[in-house]
Amino acid sequence: MPQTHIRVYFTPGDSAESAIVEALLGAKESILVQAYSFTNPAIAAALVDARSRGVNVVILLDKSQRSQKYSAADFTNNAGVTTLIDDRHAIAHNKIMIIDGRVVITGSYNFTKAAEKSNAENVVIIESGAVAEKYLNNWQKHRRHSQPYLRR
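Conventions we followed
Residues numbered from 1 in each chain as written. Predicted model: local features only at pLDDT ≥ 70, side-chain atom pairs only at ≥ 80, totals over all residues. Heavy atoms only, no water. Core = buried A, V, L, I, M, F, W, Y, C linked by side-chain atoms within 4.5 Å. Buried < 20%, exposed > 50% of the residue type's maximum accessible area, 1.4 Å probe, protein only. Helix = DSSP H or I, 4+ residues; strand = E, 2+ residues; numbered from the N terminus. Contact = heavy atoms within 4.5 Å. Polar contact = N/O pair within 3.5 Å; in protein donor to acceptor, adjacent residues only side chain to side chain. Axes fitted to C-alpha atoms, helices over the stretch in contact; angles between N-to-C directions. Parallel < 35°, antiparallel > 145°, perpendicular 65-115°, else oblique. Nonpolar A, V, L, I, M, F, W, Y, C, P; charged D, E, K, R; others polar. Salt bridge = Lys/Arg side-chain N within 4 Å of Asp/Glu carboxyl O. Patch = residues over 30% accessible without salt bridge, like charges linked within 9 Å, V, L, I, M, F, W, Y side chains within 5 Å. Areas by Shrake-Rupley, 256 points an atom, 1.4 Å probe, with all protein chains shown as cover.

Engineer: Account for the nonpolar core, with residues named and values stated.
Structural biologist: In this structure, Ile-20, Leu-24, Ile-31, Phe-38, Ile-43, Leu-47 and Phe-111 are the most contacted members of the largest nonpolar core, which totals 36 residues. Broken down by secondary-structure element, the contributors of at least two residues to this core are helix H1 (16-25), strand E2 (30-35), helix H2 (41-52), strand E3 (56-62), helix H3 (72-78), strand E5 (96-99), strand E6 (103-107) and strand E7 (121-127). Apart from residues lying up to four places away in sequence, Ile-43 is in contact with Ile-20, Val-21, Leu-24, Phe-38, Met-97, Tyr-109 and Phe-111. Residues Leu-84, Val-104, Val-124 and Ala-132 belong to the second largest nonpolar core, which totals 11 residues.

Encoded structure:
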């Protein structure tokens, strides 16, 4: 039976941003993202870098990202990363990444600098194909009703 590996980070203090970026840099096939708030430039750059390496990257964001003063969605969308808006819900509050169908990054951590430096947040990185499959099924459900990102 495959073993599950779990790593946990708390901010401020632990470098959750570095752990996330390191996981993204290791992606070989796919990175599927759901995010409520997405303004962290290091994470956005790692996603764009993954796309340039041939990794399939798709980002689903809350509708609030259409009108945020700054959203990394502009950067990722302009760099050719498929960036979509999930506007079916009052708030699309998921904060997950699924990497290569086997690693899940989740927790309260929004993909923002404030989550890293100011807020009390947590990140859980789970290496488990079985767990990733459950998150993937939910991600696909939201992908089906999401629309292309357009700045408003």
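Engineer: Explain the environment of His-93 to me, using residue names and the numbers behind them.
Structural biologist: Here His-93 shows up in the loop between strand E4 (82-86) and E5. Engagement of the side chain of His-93 in a polar contact is seen with the side chain of Lys-95, the distance being 3.2 Å.

Engineer: Lay out H1 in plain terms, naming residues and giving numbers.
Structural biologist: Most of H1 sits out of view: 7 of its 10 residues are buried. By the burial criterion, the buried members of H1 are Ala-16, Glu-17, Ala-19, Ile-20, Val-21, Ala-23 and Leu-24.

Engineer: Please set out the packing of H1 against H2 residue by residue, giving values where relevant.
Structural biologist: Axis separation between H1 and H2 bottoms out at 9 Å; the angle between their running directions is 5°. Accordingly, the angle class assigned to the pair H1 and H2 is roughly parallel. Listed contacts from H2 to Glu-17, Ile-20, Val-21, Leu-24 and Leu-25 of H1 are Ala-42, Ile-43, Ala-46, Leu-47, Asp-49 and Ala-50. For the contact of H1 with H2, the per-class residue count stands at 9 nonpolar, no polar and 2 charged.

Engineer: Lay out the pattern of salt bridges in plain terms, naming residues and giving numbers.
Structural biologist: Here the structure, examined in full by the defined rule, presents 3 salt bridges. Ionic pairing is found between Glu-127 and Arg-7, a salt bridge with its closest N-O pair at 3.8 Å. Taken as a pair, Glu-127 in strand E7 and Arg-7 in strand E1 (residues 5-11) lie far apart in primary sequence, 120 residues in all. Residue Glu-127 is classed as partly exposed on the basis of its relative accessible area, which comes to 27%. On the accessibility criterion, Arg-7 (32% relative accessible area) is partly exposed.

Engineer: Break down the environment of Ile-126 for me, with residues and values.
Structural biologist: Within the fold, Ile-126 resides in strand E7. The sequence separation of Ile-126 and Leu-24 amounts to 102 residues, and the corresponding C-alpha distance is 14 Å. Apart from the residues within four sequence positions on either side, Ile-126 is in contact with Thr-4, His-5, Ile-6, Arg-102, Val-103, Val-104, Thr-106 and Val-131.

Engineer: Please set out a nonpolar patch on the surface residue by residue, giving values where relevant.
Structural biologist: A surface patch of nonpolar side chains, about 300 Å² in accessible area, is lined by Ile-6, Val-8 and Phe-10. Position of Val-8 among the secondary structure elements: in strand E1.

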